[in-house]
Amino acid sequence: MNIYDSQRMGDLAAEAGYREAIRVEDADLIVLNTCHIRERASEKVFSELGKLSELKEERAREGRRTMLVVAGCVAQAEGREILRRQRAVDVVVGPQSYHRLPQLLREARVRPGVVDTEFPADDKFSRLPTAPTDAIRRRGVAAFVTVQEGCDKFCSFCVVPYTRGAEASRPSAAVLDEIARLAGAGVREVNLLGQNVNAYHGLDTHGRSIGLAALIRAASATPGICRVRYTTSHPNDMSEDLIRAHRDVPALAPYLHLPVQSGSDTMLKSMNRRHSIADYLDIVGRVRAARPDIALSSDFIVGYPGETDADFGQTLALIRTVGFASSYAFKYSARPGTPAAEMSGQVEEATKAQRLTALQELIEDQRQVFNRGSLGRRLEVLFEKPGRREGQIIGRSPHMQSVFAEGSRSLIGELTEVEIVAAEPHSLRGRVVSPAS
Ligand code: 5AD
Ligand code: SF4
C-alpha cells in the first residue's frame, strides 16, 4: 500500500510541476513514505533523515532549496516529535491527508515545519489527480489499486487501526474508473489493496453496498484486464461469495495471502484474532475445494508475549499441515499504544531470533517444494519487464512466482504460456510456448 501511496504522491507532485529525479542529490522535493508496523522499520526513518538533512545542507550551500517531507504511518504516529528529532523536515503528513501535499508544501515554503495528521472528513481519493498516462506506463503492466483502508479488528499487536484509522471502502465506481484508466494505459493486472481487503463493502452506483467478490468480478470484466489479485485478507472476512469467485472467475489469480499469525489457539486468543486454528483450517479446505491449485501464503509472528516452546511448535505443525507456497515471518515487535506491548511474558530477544530462524527454514523448504511442483507444468505468465541478461524477460506466474525466459520484449504485457524447465532459488526458468491471449 505504501508503494501505491507513493505513486499517488508522485502524481500530486507532477501536478504541482515536479518531474521525477533519477538521483536523490538532484531532488528539490524528497518524500520519505514510512512504515510503523515494526520498530526496525520506523527507526530506519530517523537514520535516513539524518543523511537527508546533510544532503539538504549541502544543496543549500549551492543555493538549492530542498523540501523534505515525512509521510506515512511514522508521520501519523510521531507527528510533531519528528520535527523535534529532525529540524530539517519541512512537512509531516499522515496517510489520510496526503492529498493536501501541494498545499502543505506551499505553507512550508513560508514557514517550515507543517504537520497534518488529521483524519479528514473529505475523501482523500476523490481529491487525488488521475495518474498521467506516461507515469502509468513507466510503472509497468501490473498495478496496485487501493480499494479499502484502515482496520477495525484491533489485533493486540498491531498499530494499523491507530495509524491508518477506521475501516473504509472506496465506492466501486471510483475503483472501476481507476482500473479502466490503468487498463487504457496498458495495465493488464490489478492488485486490489486493503489492510483488510476482504472486508471491502463499497457503495455501487445504486447506493447499495457490494462486497469484494462483486468488485473482483467487475474488475476482471474491464477491457484489457486479464488478471486480478487482492491483498491482504483476514480469515473472518473470507466469505462464501469470495471463495466461489476463486472457482468462477478465470481472471482471479489462484493465490491467497491469508495471514494466520500463529498456530496456537492460546496465542490467537491473546492476539484478539477472534478465530481458532480449526476455523482457519476449515477456510483453507473450502478455498482448496473451490480452486485446487491455489497457492496459499501467510504472515507469522514469533515471540508474541507469552508464547511458549509448545505454542511455537504448534505454529510449525500448522505450517506442515497447510503447506504454504510462500510466507513471511516476523519477530514480535512491541508497538507503543498497543495492548500487547503492555502484556507480561515478553519473550527474550535470543528466543525470538531462534524461533525466527527455525520458522524461516521451514517456510523456505515449503517454498522450494511448491516451486519444484511447477516443474514441467505450463503456466500463464504475465511478462512485466526485461531480465538482467540480454534477451530475457521476467514476469509472474498465476501463483506469484517470479518466472524468467528467453523471449522478445514484445511479450511484455502479454499473458504467455510458459513451460517451467527449472526451479532456481529465487525464480523459475521457463520456455515460452505461445502467447495465451
Ligand atoms: N510485530 C511483529 N509483526 C507484526 N505485524 C504486525 N504488527 C506486528 C508487530 N507488532 C505483522 C503481521 C501482519 C504483517 C503485515 O506484519 O504478521 O500480518
Ligand atoms: Fe493489524 Fe491486520 Fe489485525 Fe487489522 S487485521 S489489526 S491490520 S494485523
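Refer to the structure presented above.
Please read all numbers here as calculations on a predicted model, not as lab measurements.

Basis of the calculations
Residues numbered from 1 in each chain as written. Chains lettered and ligands numbered in written order. Predicted model: local features only at pLDDT ≥ 70, side-chain atom pairs only at ≥ 80, totals over all residues. Heavy atoms only, no water. Near = heavy atom within 4 Å. Polar contact = N/O pair within 3.5 Å; in protein donor to acceptor, adjacent residues only side chain to side chain. Areas by Shrake-Rupley, 256 points an atom, 1.4 Å probe, with all protein chains shown as cover. Helix = DSSP H or I, 4+ residues; strand = E, 2+ residues; numbered from the N terminus. Nonpolar A, V, L, I, M, F, W, Y, C, P; charged D, E, K, R; others polar. Salt bridge = Lys/Arg side-chain N within 4 Å of Asp/Glu carboxyl O. Buried < 20%, exposed > 50% of the residue type's maximum accessible area, 1.4 Å probe, protein only. Pairing = 2+ DSSP bridges. Axes fitted to C-alpha atoms, helices over the stretch in contact; angles between N-to-C directions. Contact = heavy atoms within 4.5 Å.

S.K.: Help me understand the site of ligand 1, please; the structure alone is not making it clear to me.
M.R.: Surveying the vicinity of ligand 1 reveals the residues Ile37, Arg38, Phe157, Gln261, Asp299, Ile301, Phe330, Lys331, Tyr332, Ser333 and Arg335. Backbone polar atom of Phe157 to a nitrogen atom of ligand 1: 3.0 Å apart, as the coordinates give it. In this structure, an oxygen atom belonging to ligand 1 sits 2.6 Å away from a side-chain N or O atom of Gln261. Relative to its unbound accessible area of 400 Å², ligand 1 is 86% covered by the protein chains. Every element with two or more residues in the shell around ligand 1 is listed here: β13 (295–302) and β14 (326–331). Among the residues forming the shell around ligand 1, the class breakdown is 5 nonpolar, 2 polar and 4 charged.

S.K.: What's the story with the pattern of salt bridges in this structure? I'm lost.
M.R.: Following the criterion strictly, the structure yields 34 salt bridges and no others. One salt bridge connects Glu20 with Arg138, and the closest N-O pair in it is separated by 3.6 Å. One end of the pair, Glu20, is in the loop between α1 (2–15) and β1 (29–34); the other, Arg138, is in helix α6 (residues 133–139), with 118 residues separating them in the sequence. For the pair Glu20 and Arg138, a shared accessibility class is recorded, and that class is exposed. Between Glu48 and Lys51 there is a salt bridge, and its shortest N-O distance comes to 3.6 Å. Within this pair, Glu48 and its partner Lys51 are both found in helix α2 (residues 39–61), separated by 3 residues, close to a single helical turn. For Glu48, a relative accessible area of 31% puts it in the partly exposed group. In the salt-bridge network here, residues are joined through shared partners; they are Arg8, Asp11, Arg139, Arg170 and Glu178.

S.K.: Could you clarify how one ought to interpret the sheet that holds strand β11 (residues 227–231) in this entry?
M.R.: Working definition: the strands of a sheet are paired by backbone hydrogen bonds and lie parallel or antiparallel to each other. Read from one edge of the open sheet, 3 strands run β5-β8-β11, paired in parallel fashion. The two strands at the open ends of the sheet, each matched to only one other strand, are β5 (142–146) and β11. The mean angle between the axes of side-by-side strands here comes to 25°, regardless of whether they run parallel or antiparallel. Of the pairings in the sheet, the one linking strand β8 (residues 189–193) to β11 comprises 5 bridges and is parallel in character. Bridging from a neighbouring strand, Leu193 pairs with Thr231 of β11. Lying over the sheet, helix α8 (residues 172–184) contacts β5 and β8, oriented at roughly 165° with respect to β5.

All quantities given are derived from atomic positions and should not be read as evidence of function.
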